[in-house]
Amino acid sequence: LDGQLVHARPDLLEQNIVGLHIPQFIIPDFMTPEEWSKIWRYRVDFGDTRTLQEVGGVSTEEGFREITQKDLQDLCSLDYRDSTEIKRAYLAGKLKYRFIVSGCDWGGSDYQMSHAAKTSYTVHVIFGVKGDGTIDILHMQRHSGMIYEEIAALIIQEHLKLSGTAIASDYGAGMAYNTLLHRDTRINPNKHFIWHYNAPFSPMIMKPTFQQFTTHYLLNKTESITQVFDAIKNGRIRCYGWENAQTHLSDILNCQRVHSESRHGKQYFLHIRSPSRADDTLHAINFAYVLTRLLLKEPMFDDMNLRTQVYDNLGMGPAVQ
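1. Examining the overall build of the chain
Piece 1. Each helix and strand in the chain was counted, giving 11 helices and 10 strands.
Piece 2. Across the 321 residues that make up the chain, the buried fraction comes to 44%.
Piece 3. Sequence separation of at least 24 residues holds for 60% of the intrachain contacts in the chain that already meet a minimum separation of 6.
Piece 4. Surface accessibility of the chain: about 17100 Å² in total, with carbon and sulfur atoms responsible for 50%.

2. Here we look at helix α11 (residues 304-313)
Piece 1. Burial in α11 covers these residues: Leu306, Arg307, Val310, Tyr311 and Asn313. Down the axis of α11, the buried side of the element spans an arc of 155 degrees, and every buried residue falls inside it.
Piece 2. Buried-residue contacts for α11 involve β5 (192-198), β6 (205-206), β7 (216-220) and α10 (280-295).
Piece 3. Just downstream of α11, Gly315 is the residue with a positive phi angle, here 65 degrees.

3. Notes on the pattern of salt bridges
Piece 1. This structure, assessed with the given rule, holds 10 salt bridges.
Piece 2. In this structure, Arg142 engages Asp251 in a salt bridge whose closest nitrogen and oxygen atoms are separated by 3.1 Å. Highlighted residues: Arg142 in strand β3 (residues 135-143) and Asp251 in the loop between α9 (242-249) and β9 (256-261), separated in sequence by 109 residues.
Piece 3. Glu298 serves as the salt-bridge partner of Arg293, at 2.8 Å between the closest nitrogen and oxygen. With respect to burial, Arg293 and Glu298 carry one shared label: buried.

4. Here we look at the state of the cysteines
Piece 1. Scanning the model with the defined rule gives 0 disulfides in all.
Piece 2. Cys76 provides the cysteine sulfur closest to Cys239, a residue in no disulfide bond, and the two sulfurs are 4.6 Å apart.

5. What to know about the nonpolar core
Piece 1. Membership of the largest hydrophobic core comes to 61 residues, with the highest contact counts inside it found for Phe127, Trp195, Ile205, Leu249 and Leu294.
Piece 2. When residues of this core are assigned to their parent elements, the largest contribution, 10 residues, is made by α10.
Piece 3. Excluding anything up to four places from it in sequence, Phe127 contacts Phe99, Ile100, Val101, Ile135, Asp136, Ile137, Leu138, Ile285, Ala288, Tyr289 and Thr292.
Piece 4. Trp106, Ile151, Ile155 and Ile167 belong to the second largest nonpolar core, which has 11 residues in total.

Conventions we followed
- Once a new chain begins, its residue numbering starts again from 1 and follows that chain's sequence as written.
- Local features in this predicted model are restricted to residues whose pLDDT is 70 or higher, and side-chain atom pairs enter the listing and the counts only when it is 80 or higher, whereas totals over whole chains, interfaces and linings include all residues.
- Hydrogens and water are ignored here; the side-chain numbers use all heavy atoms of the structure.
- A run of H or I in DSSP becomes a helix once it reaches four residues, and a run of E becomes a strand once it reaches two; helices and strands are each numbered from the N terminus.
- Note on exposure labels: buried denotes an accessible area under 20% of the residue type's maximum, exposed denotes more than 50%, and partly exposed covers the range between, all computed with a 1.4 Å probe on protein chains only.
- Note on contacts: a residue pair qualifies if any of its non-hydrogen atoms lie within 4.5 Å across the two residues.
- Only the protein chains shown count as covering a residue, and every accessible area follows the Shrake-Rupley method with a 1.4 Å probe.
- Here the arc refers to the directions that run from the helix axis out to each C-beta atom.
- The term salt bridge refers to a side-chain nitrogen of Lys or Arg lying within 4 Å of a carboxyl oxygen of Asp or Glu.
- Here, a disulfide means two cysteine sulfur atoms that sit within 2.5 Å of each other.
- Among the buried residues, those of types Ala, Val, Leu, Ile, Met, Phe, Trp, Tyr and Cys that are joined through side-chain atoms within 4.5 Å form a nonpolar core.

Spelled out as structure tokens, the structure:
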């Protein structure tokens with residue numbers, strides 16, 4: 001153990017900053033029937049995962065998070081080191097996709113401790129969607145600052161470079177900034193969907209009371225993010241090498257689902273994050289994933305009339321589900 005610590009972090013040993021997980025099972029004072037019964041009761045009350053963590057000294061994320069770093073590492077299964085390499089292969093015709101979909105989460109305020117401002121960036125991701133519905137992440141880019149006109153130009157440039165089919169962004173920055181994506185006439189406004197997060201007990205997709213654009217819709221935040229997590233864990237979404245993707249993908253770990261209850265007793269789940277940690281990549285991926293599922297005509301609607309309207313906007317003809 002000492003040899004491993006010295007090899008891994010010799011600086012910590014020099015500073016006497018070393019932490020060890022000691023399982024209660026091997027502590028002599030705990031080796032009595034009475035103490036063992038307490039451990040057993042703890043397992044019954046809290047389950048195996050928490051028992052391993054709190055009693056066994058085994059550090060584990062499983063069971064406390066919907067998504068873990070291992071899930072993200074497993075996501076990086078494509079044989080390409082970085083975004084540049086996979087985009088080069090696609091542009092050379094070595095990769096074929098049914099759709100190219102962009103997702104954009106508008107941000108802008110870098111974290112300032114003195115003002116307690118949230119950490120936020122504009123993030124642009126691009127999916128390559130195969131005929132069987134599997135998704136390759138081709139591009140992830142984080143933009144700092146709030147010069148949205150320049151940022152929008154860069155998003156358009158990359159989207160058109162990869163022959164994008166459709167684009168999705170969030171309502172958070174307002175309609176004025178979203179219209180910047182329409183300045184290039186090659187961006188079809190009917191194929192630019194603007195998602196406005198809605199309450200956890202609302203329909204997956206619904207029309208807002210005041211619809212700013214024909215493609216402006218309310219999106220159930222909790223359910224849509226949960227479905228993205230499922231797609232990641234099930235291998236539907238794939239990415240290039242972890243070494244180059246981890247800076248962006250690690251944003252996903254900053255979002256956690258918690259149980260909540262309204263003052264009227266209605267129970268539901270919420271996805272929350274710490275204000276000092278960015279999760280913009282997750283939302284860009286989420287917006288692109290919802291749009292991808294629309295293009296593939298996967299079941300997402302409670303309102304059949306709304307479903308028909310959405311597919312008409314996309315020019316996809318009758319909705320068959």
